[in-house]
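Residue-level listing of the chains:
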Amino acid sequence: MLRPIICFVTTNAGKLREAKDLFKEHFEVEQVDTTYPELQEDDLSKIAAYGARYCADALNKEVIVEDSGLFIDALKGFPGPYSAFVQKTLGNKGILKLMEGVEGRRAEFRSVVGYCAPGQEPVTFTGIWWGDILTEETGRNGFGYDPIFSYRKYPVGEMTVEQKNEVSHRRRSMIQFRDWYLSKIK
Ligand code: IMP
């Protein structure tokens, strides 16, 4: 059976790998490996909506983009919308340093998928994943902040893509998008 093709605008190989696994039964995922302007905003939904509209109009096709971030309670939500910049600058070691001696280690990952067709309004889908910040980097899997995040005491850096995709923020946002899109094209 012919499956619909979903165009995912991202330069992030980790996000692409997870999306391909999540959508494997329903869509072909075509990557557009390019950056796009990111709004300076606290709200990931606004960033994803703006990015989706921009890419749909620039590429003249329907697209999804995904914006995500790590929000650490003890750091009042930092790095949040600055997660990509902080990952490149402070890195996981820098976050662990900021968290040295901190007892409350709750944090959440957020993922927002933005979908848009050319000339139309964007639609967003949000997923949240609660966990804890570890005290040291653990595991060799995943990407970004995965080596310092644990879910129910299980280090995410030791999860396979399939295991992470059973429970993650990205699963929650992408599956909502998938179900919405499949019912739209039915
Ligand atoms: P952006 O969505 O491209 O702005 O990236 C947000 C930042 O959070 C990047 O540094 C990502 O590597 C990181 N990030 C996003 N999702 C995840 C994840 O599932 N695990 C670990 N790090 C993530």
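Provided above is the structure to which this section pertains.
The structure contained in this document is the topic of the report that follows. For every chain, the first residue of the written sequence is number 1, and numbering continues from 1 along that sequence. The model is predicted, so local features are restricted to residues of pLDDT at least 70 and side-chain atom pairs to those at 80 or more, both for listing and for counting; the totals for chains, interfaces and linings are taken over all residues. Working from all heavy atoms in the structure, the side-chain values ignore hydrogens and water.

1. A few points about the packing of helix α1 (residues 13-23) against helix α6 (residues 169-185)
Then step 1. Orientation of α1 relative to α6, taken along the N-to-C sense of each, is 50 degrees, at an axis distance of 10 Å. The angle between the axes of α1 and α6 places the two elements in the oblique class. Relative to α6, α1 is oriented so that their crossing is right-handed. Listed contacts from α6 to K15, E18, A19, L22 and F23 of α1 are R170, R171, M174, I175, F177 and R178.
Then step 2. Tallied by class, residues from the contact of α1 with α6 come to six nonpolar, no polar and five charged. Note on geometry: axes are C-alpha line fits, over the in-contact stretch for helices, and angles between N-to-C directions span 0 to 180 degrees. Helix numbers and strand numbers start at the N terminus; a helix is a DSSP run of H or I with at least 4 residues, a strand a run of E with at least 2. Geometric relationships in this document are graded by angle, where less than 35 degrees denotes roughly parallel, more than 145 denotes roughly antiparallel, 65 to 115 denotes roughly perpendicular, and other angles denote oblique. Here a crossing is called left-handed whenever its near helix is offset anticlockwise from the far helix by less than a right angle, and right-handed whenever the offset is clockwise. Throughout, a contact is declared for two residues whenever any of their heavy atoms are within 4.5 Å. Any residue outside Ala, Val, Leu, Ile, Met, Phe, Trp, Tyr, Cys, Pro, Asp, Glu, Lys and Arg is labelled polar, Gly included; the first ten of those are nonpolar and the last four are charged.

2. Let's talk about the site of the ligand
Then step 1. A single heavy atom is enough: if one lies within 4 Å of a molecule or strand, its residue is considered near that molecule or strand. Residues in close proximity to the ligand total 16 residues, the closest being K15, S68, D146, K164 and R170.
Then step 2. Identification of polar contacts relies on pairs of N or O atoms within 3.5 Å, with a donor-acceptor requirement for protein atoms, meaning one able to donate a hydrogen and the other able to accept it, and with residues adjacent in sequence counted only if both atoms are side-chain atoms. The separation between an oxygen atom of the ligand and a polar side-chain atom of K164 is 2.7 Å.
Then step 3. Between the ligand and the protein, one listed contact pairs an oxygen atom with a side-chain N or O atom of H169 at 3.1 Å.
Then step 4. Starting from 490 Å² of accessible surface for the ligand in isolation, the protein chains cover 90%. Accessible surface area values rest on a Shrake-Rupley calculation with a 1.4 Å probe, where residue burial reflects the displayed protein chains alone.

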